[in-house]
Amino acid sequence: MIKKYLIALFIVLLIDLPVFSEQYTPEKYCTPAYDVSSKANQVFSKMFGATFFAEKLGESIIRKQIKKETGQKFKVSLKSYSLLDLKRGIFKSLKITGKNLDIDGIKISLFEAKTLCDFNYFDLSTDEIYNKSNILMSYSLIVSEKDLKETVNSKDYNAILKKVDLNAIGIKLLKLESVDVAIKDERLHVMLNVSSGLSTWINKASNLKFEVSTALKVVDGKINVYDVRLENSNKRLNIAKYLSLLNFIDPLQYSLDAFAIPNGKLVINSTNIIDDKILVEGIIYIPKK
């Protein structure tokens, strides 16, 4: 029973969900505790070490399941009221931390998520596990320049590039060959390598390189690009066309998509560029069924 509940917790950390801007606070969204064992049972369970044993067993199961699902190692911290409560699917808190992750070619320097409510409840009575309390979590994510470079060179990301139709966004006679990235001067730089089948087009050059840089800000709970600049000498090109392309191939958003949740809401509260790293922080909310 414990295993089913722990597997469910991990699954909800890895699938896509919509993004909203509403402020989610524990005072407003945490479910009041119910069905928790008596204080006497909690004291008895803790006194004889049963609570500690259950927590360590639960942490081990979560770590093994995460390793099975992603191939990655995570540090897990689980706190329960008692052995009986954990068997029912009731716990105080859960914290999951992963460093130097590689999830399907997406590289992440750090991912951490922890519950904000001191009462969390999953129904384990059937094969279809669902949460009987609201689940509210904070998360933080660090993506480095090195992470982004390795991500844009991954097989899955390159499969996206092959689907890009530059003609559809008004960039004629060119084909997108590759993308590179850099983080410098508190901006995200995206280098585009494009080719033309016409050898006489633009000074007989068959390959062209464009560098677009952008600042980042959070608007309505998600990251937006702004102050977009064309950094190389091709100032005559229409930057609006490249903004459209940048939104489609955005390597940062592609990385963030690995850490979303089903049937819930993901809120990005802040994003900051520090040296060669991007820090993203926010809230995950899963309403009870």
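Draft legend 1. The arrangement of the sheet that holds strand β13 (residues 277–286) in detail. If you walk across this open sheet you meet the 6 strands as β1-β3-β4-β7-β13-β12, and the pairing is antiparallel. The outermost strands of the open sheet, each flanked by one partner alone, are β1 (74–79) and β12 (265–274). Averaged over all pairs of adjacent strands, the angle between strand axes in this sheet comes to 10°, irrespective of strand direction. Pairing geometry for strand β4 (residues 106–115) and strand β7 (residues 135–144), over 6 bridges, is antiparallel. Residue T115 lies in a different strand from β7, and its bridge partner there is M137.

Draft legend 2. Molecular detail of the state of the cysteines. According to the stated counting rule, one finds 1 disulfide in the structure shown. Disulfide pairing places C30 opposite C117 at an S-S distance of 2.0 Å. Where C30 bonds to C117 through sulfur, the torsion about that S-S bond is close to -90°, and the disulfide is left-handed. Pair noted here: C30 is in the loop between α2 (26–29) and α3 (39–47) and C117 is in the loop between β4 and β5 (120–123), with a separation of 87 residues, a long-range link.

Draft legend 3. Main features of the environment of P26. Relative to the elements of secondary structure, P26 occurs in helix α2. Classification of P26 by relative accessible area gives partly exposed; the value is 31%. Counting along the chain gives 108 residues from P26 to N134, while the straight-line C-alpha distance between them is 9.8 Å.

Draft legend 4. Inspection of the pattern of salt bridges at higher detail. In total, this model carries 11 salt bridges according to the counting rule given. Taking the shortest distance from any N to any O, the salt bridge between E150 and K146 comes out at 2.8 Å. Within this pair, E150 and its partner K146 are both found in helix α6 (residues 145–152), separated by 4 residues, close to a single helical turn. On the basis of relative accessible area, K146 is assigned to the exposed category, the value being 56%. For R229, the salt bridge identified is with D227, shortest N-O distance 2.9 Å. Members of the salt-bridge network, linked through shared partners, are D102, K107, K146 and E150.

Thresholds, definitions, all that
- Residues numbered from 1 in each chain as written.
- Predicted model: local features only at pLDDT ≥ 70, side-chain atom pairs only at ≥ 80, totals over all residues.
- Heavy atoms only, no water.
- Pairing = 2+ DSSP bridges.
- Helix = DSSP H or I, 4+ residues; strand = E, 2+ residues; numbered from the N terminus.
- Axes fitted to C-alpha atoms, helices over the stretch in contact; angles between N-to-C directions.
- Disulfide = S-S within 2.5 Å.
- Buried < 20%, exposed > 50% of the residue type's maximum accessible area, 1.4 Å probe, protein only.
- Salt bridge = Lys/Arg side-chain N within 4 Å of Asp/Glu carboxyl O.

Keep in mind these numbers describe shape, not what the thing actually does.
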